[in-house]
Every structure is written in C-alpha cells, then in structure tokens.
Amino acid sequence: MSLDDRVEEIQERIERRIGGIGKGKYSRILRMAKKPDRDEYIKVVLITGAGIILLGLLGFFIYLLMTVYFPIP
C-alpha cells in the first residue's frame, strides 16, 4: 500500500465521521446553535460572576461561623 493510498483512506474515514455529525440525536441542537451576540455574552458573564461571588460569600460566612462562633477545640 503506497503512501498516497493510506492518506486517501485516512481522509475518507475522517470525511465519513464528520459527515454523520448532523444526523445523530444532537443534530437539532447543532442546527439551532449560534454564536452569542455581545449582549447575550455580557449577560452570561454577569450572571456567572454573580454566582461565583455568591458562592464565595456563602463559603466565607460558613468559615466565619465555624471559626469564630463555633470553634472546634
């Protein structure tokens, strides 16, 4: 088998795998997916940042309660 035959075979395998992406159970999601615009991206960043800050504050208050008010001897 020559190098050209092997390369062609590999290329055909890759094309078969890529060609079946839009036909599986996630095809509807892939067709509906789009790149978010600037406003959507900013909303996602703000909501994610607020969630991280909220979880950090909750963890800090739990730490504060465990060390100051209920210390473990």
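Residues numbered from 1 in each chain as written. Predicted model: local features only at pLDDT ≥ 70, side-chain atom pairs only at ≥ 80, totals over all residues. Heavy atoms only, no water.

**Quick word on the pattern of salt bridges**
Summed over all chains, the structure comprises two salt bridges. Here Arg13 and Glu9 are joined by a salt bridge, their closest N and O atoms 3.9 Å apart. One end of the pair, Arg13, and the other, Glu9, are both in helix H1 (residues 3-19), four residues apart, so they sit about a helical turn from each other. One salt bridge in this structure joins Lys34 and Glu40, with 3.2 Å as the shortest N-O distance. The exposure class of Lys34 is exposed, given its relative accessible area of 59%. (Salt bridge = Lys/Arg side-chain N within 4 Å of Asp/Glu carboxyl O. Helix = DSSP H or I, 4+ residues; strand = E, 2+ residues; numbered from the N terminus. Buried < 20%, exposed > 50% of the residue type's maximum accessible area, 1.4 Å probe, protein only.)

**Things to note about the environment of Thr67**
Within the secondary structure layout, Thr67 lies in helix H3 (residues 38-69). With a relative accessible area of 38%, Thr67 lands in the partly exposed category. Reaching out from Thr67, the side chain makes a polar contact with the backbone oxygen of Tyr63 at a distance of 2.9 Å. (Polar contact = N/O pair within 3.5 Å; in protein donor to acceptor, adjacent residues only side chain to side chain.)

**Here's the deal with the confidence of the model for the chain**
Looking at the chain as a whole, the pLDDT averages 86, with 90% of positions reaching at least 70. The lowest-confidence element of the chain is helix H2 (residues 27-32), averaging 75 in pLDDT; the highest-confidence one is H3, averaging 96. (pLDDT = per-residue confidence, 0-100.)

**Section: a negative patch on the surface**
A grouping of Asp4, Asp5, Glu8, Glu12 and Glu15 is seen on the molecular surface, where their side chains present a negatively charged patch. Topologically, Glu12 is positioned in helix H1. Classification of Glu12 as partly exposed rests on a relative accessible area of 38%. (Patch = residues over 30% accessible without salt bridge, like charges linked within 9 Å, V, L, I, M, F, W, Y side chains within 5 Å. Areas by Shrake-Rupley, 256 points an atom, 1.4 Å probe, with all protein chains shown as cover. Lys, Arg positive; Asp, Glu negative; His and termini not counted. Charge placed at Lys NZ, Arg CZ, Asp CG, Glu CD.)

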